[in-house]
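Structural description and commentary
Listed below are the residues making up each chain.
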Amino acid sequence: MSDPYETTEQHLERLLRCALNSFELSDTTVDRLGTALAHNSALHSSHHSAVLHRETYRHTYLLSDGTTVTLWELVHGGGRDIPAPRRHELYDDEGDAQVAAARLAGSFWDTPALGDEGLREDVEAFTLLMSVPPAPLPRMYAPDNSADHARRVLRRAENGDRPGIGTAGLLRAAFAHHITQVFGRQYRVDGRDAGFTLYEHAFLLLDGSETSLWEVEHTATPDGRHMCEVYDDEQAARLAMENRTRIC
């Protein structure tokens with residue numbers, strides 16, 4: 001938690017400096033926070049296990065125009081059995097913070113790793129990656145600044161074959177969305193654990209049609225950092241995960 005004697009300006013500066021993903025905050029949000037007069041911080045949720053310690057904090061700022069802005073800080077690190085440095089992530093959307101928290105607790109850390117046990121296990125792993133998931137529950141669309149949510153998902157994609165301007169233009173008409181975690185598992189990639197999670201971001205458009213973005217989050221990177229890839233269809237996303245398990 002923050003120092004009770006630090007000013008709002010100092011508190012905000014510290015949050016932005018510590019967060020690994022502060023660059024993802026919109027320019028509008030950062031500009032508005034520049035007028036913050038006071039703040040309040042509270043623990044929103046926590047998860048503690050042998051392999052993961054994770055807390056989510058809610059930071060609310062009172063601005064000079066009388067409005068407020070809320071930032072959601074996700075702090076996580078290794079648990080009792082797996083010491084690891086604590087990392088900070090920052091979001092201005094509660095839904096994005098919930099997805100990030102679920103990614104940690106439900107897939108990257110709490111799922112048993114797949115060991116290097118020969119060709120049979122590799123085949124099973126690739127089959128699982130490409131398998132058809134169970135029938136999803138009915139979607140419950142939420143009208144919550146969905147066009148901006150789509151823009152954020154596309155902006156954080158690092159893959160060269162991510163959806164282009166056509167998809168971005170289509171999603172400007174999104175007025176509701178629903179996020180589903182479709183897949184989550186750990187694998188051994190180049191002799192170390194790597195986590196893979198697949199999300200479907202389903203969008204309801206103004207004309208009543210639906211479309212989806214398929215987001216792959218993984219740590220199969222040379223330095224073990226989280227990487228985000230986004231695809232237009234589920235098959236392409238699953239192929240990308242399969243390729244990542246073969247070659248780091």
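Worth saying up front: this structure is predicted, and the values here are computed from it rather than measured.

Tracing the backbone shows D93 in the loop between β4 (87–91) and α3 (94–108). With 22 residues separating them in the primary sequence, D93 and L71 have C-alpha atoms 7.3 Å apart. A distance of 3.0 Å separates the side chain of D93 from the backbone nitrogen of G95, its partner in a polar contact.

In this sheet, strand β7 (residues 192–205) lies alongside strand β6 (residues 174–189) in antiparallel orientation, the contact comprising 14 bridges. In the strand pairing of β7, H177 is matched with F203. In this antiparallel pair of consecutive strands, β6 and β7, the connection spans 2 residues, and D190 shows a positive phi of 55 degrees.

Now for the sheet that holds strand β2 (residues 52–63). An order of β1-β2-β3-β4 is seen for the 4 strands of this open sheet, with the pairing classed as antiparallel. Each edge of the open sheet is held by one strand with a lone partner, namely β1 (36–48) and β4. Put simply, the sheet's adjacent strands are angled 20 degrees from each other on average, direction ignored.

Here we take up the pattern of salt bridges. A complete count under the given rule lists 8 salt bridges for this structure. E234 serves as the salt-bridge partner of R238, at 3.0 Å between the closest nitrogen and oxygen. Placement of both R238 and E234 in helix α7 (residues 234–246) is noted, with a separation of 4 residues, approximately one turn of the helix. The class for E234 is partly exposed, based on a relative accessible area of 23%. Ionic contacts of the salt-bridge type, sharing partners, join the residues D92, D148, R151 and R152 into one network.

The next thing to look at is the nonpolar core. Ranked by size, the top nonpolar core spans 13 residues in total, and within it F183, V189, F196, L198, V216, A237 and M241 carry the most contacts. Looking at this core, the elements with two or more residues in it are β6, β7, β8 (210–218) and α7.

This part takes up empty space enclosed by the protein. Counted according to the given criterion, the structure contains 1 cavity of 30 Å³ or more. The computed volume of the largest cavity comes to approximately 90 Å³. Forming the walls of the largest cavity are N21, E24, L25, L90, Y91, D92, D96, R152, R155 and R156. Contributions of two or more residues to the lining of the largest cavity are made by β4 and α5 (146–155). Considered class by class, the residues forming the lining of the largest cavity number 3 nonpolar, 1 polar and 6 charged.

Right, let's get into helix α1 (residues 8–18). An α-helix turns once per 3.6 residues; consequently, residues spaced three or four apart project the same way. Buried residues of α1: T8, H11, L12 and L15, and no others. Summarising the axial view, the buried residues of α1 lie within an arc of 95 degrees, below the 170-degree limit, and thus occupy one face. More than 90 degrees from the buried face of α1, the exposed residues found are E9 and R17. In the core, the buried residues of α1 are packed alongside α2 (27–33), β1, β2, β3 (68–78) and β4.

This part covers the side chain of H11. Within the fold, H11 resides in helix α1. Within the structure, the side chain of H11 is placed 3.1 Å from the side chain of Y61, a separation counted as a polar contact.

A word on the confidence of the model for the chain. For the chain, mean pLDDT is 79; residues scoring 70 or higher make up 80% of the total. Strand β5 (residues 113–114) is the least confidently modelled element of the chain, averaging 34 in pLDDT, while helix α6 (residues 165–171) averages 95, the highest of any element. A low-confidence stretch, residues 106–136 (pLDDT under 50), is modelled with 63 contacts involving residues beyond four sequence positions or located in other chains.

Take D92: it is sitting in the loop between β4 and α3. Given the relative accessible area of 16%, D92 is considered buried. In this structure, the C-alpha to C-alpha distance between D92 and R58, residues 34 residues apart in sequence, is 9.8 Å. Setting aside its immediate chain neighbours within four residues, D92 contacts L25, S26, T29, T70, L71, W72 and R152. Reaching out from D92, the side chain makes a polar contact with the side chain of T29 at a distance of 2.8 Å. A distance of 2.5 Å separates the side chain of D92 from the side chain of R152, its partner in a polar contact.

About the cut-offs
Residues numbered from 1 in each chain as written. Predicted model: local features only at pLDDT ≥ 70, side-chain atom pairs only at ≥ 80, totals over all residues. Heavy atoms only, no water. Helix = DSSP H or I, 4+ residues; strand = E, 2+ residues; numbered from the N terminus. Polar contact = N/O pair within 3.5 Å; in protein donor to acceptor, adjacent residues only side chain to side chain. Pairing = 2+ DSSP bridges. Axes fitted to C-alpha atoms, helices over the stretch in contact; angles between N-to-C directions. Salt bridge = Lys/Arg side-chain N within 4 Å of Asp/Glu carboxyl O. Buried < 20%, exposed > 50% of the residue type's maximum accessible area, 1.4 Å probe, protein only. Core = buried A, V, L, I, M, F, W, Y, C linked by side-chain atoms within 4.5 Å. 1 Å grid on protein atoms, 1.4 Å probe; cavity = no way out; pocket = protein on both sides within 12 Å on 5 of 7 lines; lining within 4 Å. Points joined across faces, edges and corners; volume = space filled by probe spheres on them. Nonpolar A, V, L, I, M, F, W, Y, C, P; charged D, E, K, R; others polar. Arc of directions from axis to C-beta. Contact = heavy atoms within 4.5 Å. pLDDT = per-residue confidence, 0-100.

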